[in-house]
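Overview (structure and organization)
Read off the chains here:
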Amino acid sequence: MPLFKCTFPGCLQPGVGRQGSCRLCNNHLCTKHLRQDFHHCPDWRVNEREYVIKSTEAEIAEMTALLSQVNVCALRDRAAALRKVDCTVLALSYDHQSRFSVMGGMNYHIPIHFVDGVTWLCRIRRHNITTTPVAHQNRLILSEVATYQFLSSRTQIPIPKVHDYSIYSPSNPIGVGYILMDKLAGKPLSDCDLTDADRECVLSQLADVFAALKQHPFNEIGCLLDPDNLSVGPVLDESTIDADENGNLLLLGPFKSALEYRTASIKHQIELILRGESYSDNAIDAYLVHRFVLDYVIESVTRNEQGPFFLKHMDDKGDHILVDDEFRIVGIIDWEWAQITTQSEAFAAPLYFLDVGLYYSGSNELSRKEVEFASNLKRRNEAGLADLVYGGRVAHRLAHCVGGDTGDIEDLPNHFMGLLRAVLPRNNERETWAHWRGGAMMTYEKDEDLQNLIQKGSK
Ligand SMILES: [Zn+2]
Ligand SMILES: [Zn+2]
């Protein structure tokens with residue numbers, strides 16, 4: 001059963017995952033009803049101005065509804081009782097101008113001011129048409145808190161202290177699921193211009209973080225389950241979740257081996273492509289890529305991915321690291337998608353280090369930051385970690401190829417050709433996407449699923 005059903009009147013088809021959930025008109029749409037003949041919301045690539053207007057309206061409506069669910073008095077009383085210090089929570093109203101200081105794509109942060117000058121944040125999850133079922137949202141809250149619990153009890157990695165949390169439930173007096181945590185000073189690293197010395201300072205501290213995580217091996221791949229039980233549960237990444245016929249959440253894992261993990265993720269993605277829930281604009285390309293990776297790439301990749309497994313911050317674009325004016329790391333935040341994974345994925349360089357333009361063009365050349373980071377690790381006798389950074393492109397490309405449906409059909413060919421060159425450089429140095437695709441169409445000519453996609457008129 002699909003996670004979302006098309007909301008077009010009379011339609012019984014599955015809604016397309018990410019691209020088919022429209023925040024502007026609050027509809028889930030199937031492949032057919034997502035087309036312009038039926039769906040008239042502005043496309044940001046065609047009419048950016050109109051899109052921004054509609055998107056702002058939708059966001060204001062979403063946030064006003066969310067904040068109205070928060071019981072401000074109960075939140076204030078809870079925080080004051082926990083810390084035994086009086087505090088205030090200002091009346092909640094959504095200010096679109098200052099949104100970047102209080103929210104990201106998934107969470108909103110309510111400040112709690114104590115009379116002695118300390119500030120906590122109440123982190124609550126945003127809720128709109130793209131939001132996954134509440135059972136998944138609750139698992140994310142528990143897993144994020146479990147991750148903070150793990151990091152604070154086993155490592156010196158700087159993170160905000162968590163004071164309280166609750167999932168969504170009728171008995172939760174605050175009205176929404178939340179995490180209460182310290183507000184950290186500092187600014188996001190991704191907003192900073194770094195001199196050579198600043199960069200060296202940051203890289204060195206991140207090498208400490210990698211070295212600390214390397215000290216804590218796990219036997220399984222998945223996400224931490226619960227703050228009271230730091231065992232490994234299923235993977236929670238959005239691209240891997242599904243629902244059964246009664247709408248109950250279906251999750252993948254936990255996994256004992258990399259081969260099991262990679263195989264299950266790819267097979268699930270193939271199923272979504274065939275059901276019309278993923279890669280709706282380039283289903284045939286995506287099918288060929290996922291099929292080929294499953295049949296010809298995964299075995300050689302996972303040969304180097306034997307356990308143990310390690311914790312990774314899966315959203316490491318640079319805004320997750322807060323630094324002070326001397327570029328000391330004040331804290332690493334936003335661990336909601338953290339996952340225990342293969343060492344090659346866990347210790348590939350953070351995405352923040354990549355030269356984004358070069359990487360998205362398909363080039364596997366390492367960026368200056370990656371090379372310097374690997375050198376730093378080597379200098380401190382972490383040759384194993386340095387090698388994982390040098391060889392990190394395979395993990396980066398795999399993560400963007402498998403289930404990485406961005407809605408931009410140019411991305412997949414570049415990531416896939418990059419993956420082929422990273423895994424099998426000799427055979428694929430001069431290979432082009434068009435030539436590879438032609439060959440794959442011939443290889444899978446008799447494949448029933450491919451034939452079905454072609455007959456359905458998939459692109
Ligand atoms: Zn719409
Ligand atoms: Zn439909």
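Residues numbered from 1 in each chain as written. Chains lettered and ligands numbered in written order. Predicted model: local features only at pLDDT ≥ 70, side-chain atom pairs only at ≥ 80, totals over all residues. Heavy atoms only, no water.

1. Notes on the domain arrangement of the chain
The domain architecture assigned to the chain consists of domain 1 (1–41), domain 2 (47–183) and domain 3 (189–455). Taken together, the contact between domain 1 and domain 2 spans nine residues of the former and 13 residues of the latter. With both chains or domains summed, domain 1 and domain 2 bury close to 840 Å², and 68% of this area falls on carbon and sulfur atoms. Taken as a group, F4, R23 and L24 account for 66% of the area that domain 1 buries against domain 2, more than any other trio of residues on that side. On the surface where domain 1 and domain 2 come into contact, there are zero salt bridges. Remark: the boundary between domain 1 and domain 2 carries one residue pair in polar contact (both at pLDDT 80 or more). (Domains from an automatic or database assignment. Contact = heavy atoms within 4.5 Å. Buried area = accessible area lost by both parts, 1.4 Å probe. Salt bridge = Lys/Arg side-chain N within 4 Å of Asp/Glu carboxyl O. Polar contact = N/O pair within 3.5 Å; in protein donor to acceptor, adjacent residues only side chain to side chain.)

2. A word on the coordination of the zinc ion (ligand 2)
Here the zinc ion (ligand 2) is held by the protein donor atoms C6 (SG), C11 (SG), C30 (SG) and H33 (ND1), which lie 2.1 to 2.3 Å from it. Coordination at the zinc ion (ligand 2) is tetrahedral: its four donor atoms span angles of 99 to 115° at the metal. Each donor residue of the zinc ion (ligand 2) belongs to the same chain, with the gaps between them written as C-x4-C-x18-C-x2-H. Taken together, the residues span a long stretch of sequence, with C11 in the segment before strand 1 (21–22) and C30 in the loop between strand 2 (27–28) and helix 1 (48–68) at a distance of 19 residues. Across the pair, exposure class does not vary: C11 and C30 are buried alike. (Donors = N, O, S within 2.8 Å, 3.2 Å for Na, K, Ca; no water. Tetrahedral: all angles 85-135°; square planar, octahedral: opposite > 155°, others 65-115°. Helix = DSSP H or I, 4+ residues; strand = E, 2+ residues; numbered from the N terminus. Buried < 20%, exposed > 50% of the residue type's maximum accessible area, 1.4 Å probe, protein only.)

3. Side note on the sheet that holds strand 8 (residues 187–188)
Taken in spatial order, the three strands make up an open sheet running 8-14-15, and their pairing is antiparallel. Looking at the sheet topology across the chains shown, the edges are occupied by strand 8 and strand 15 (329–332). In this sheet, strand 15 lies alongside strand 14 (residues 321–323) in antiparallel orientation, the contact comprising three bridges. Note that in strand 15 the partner of I321 across the bridge is I332. (Pairing = 2+ DSSP bridges.)

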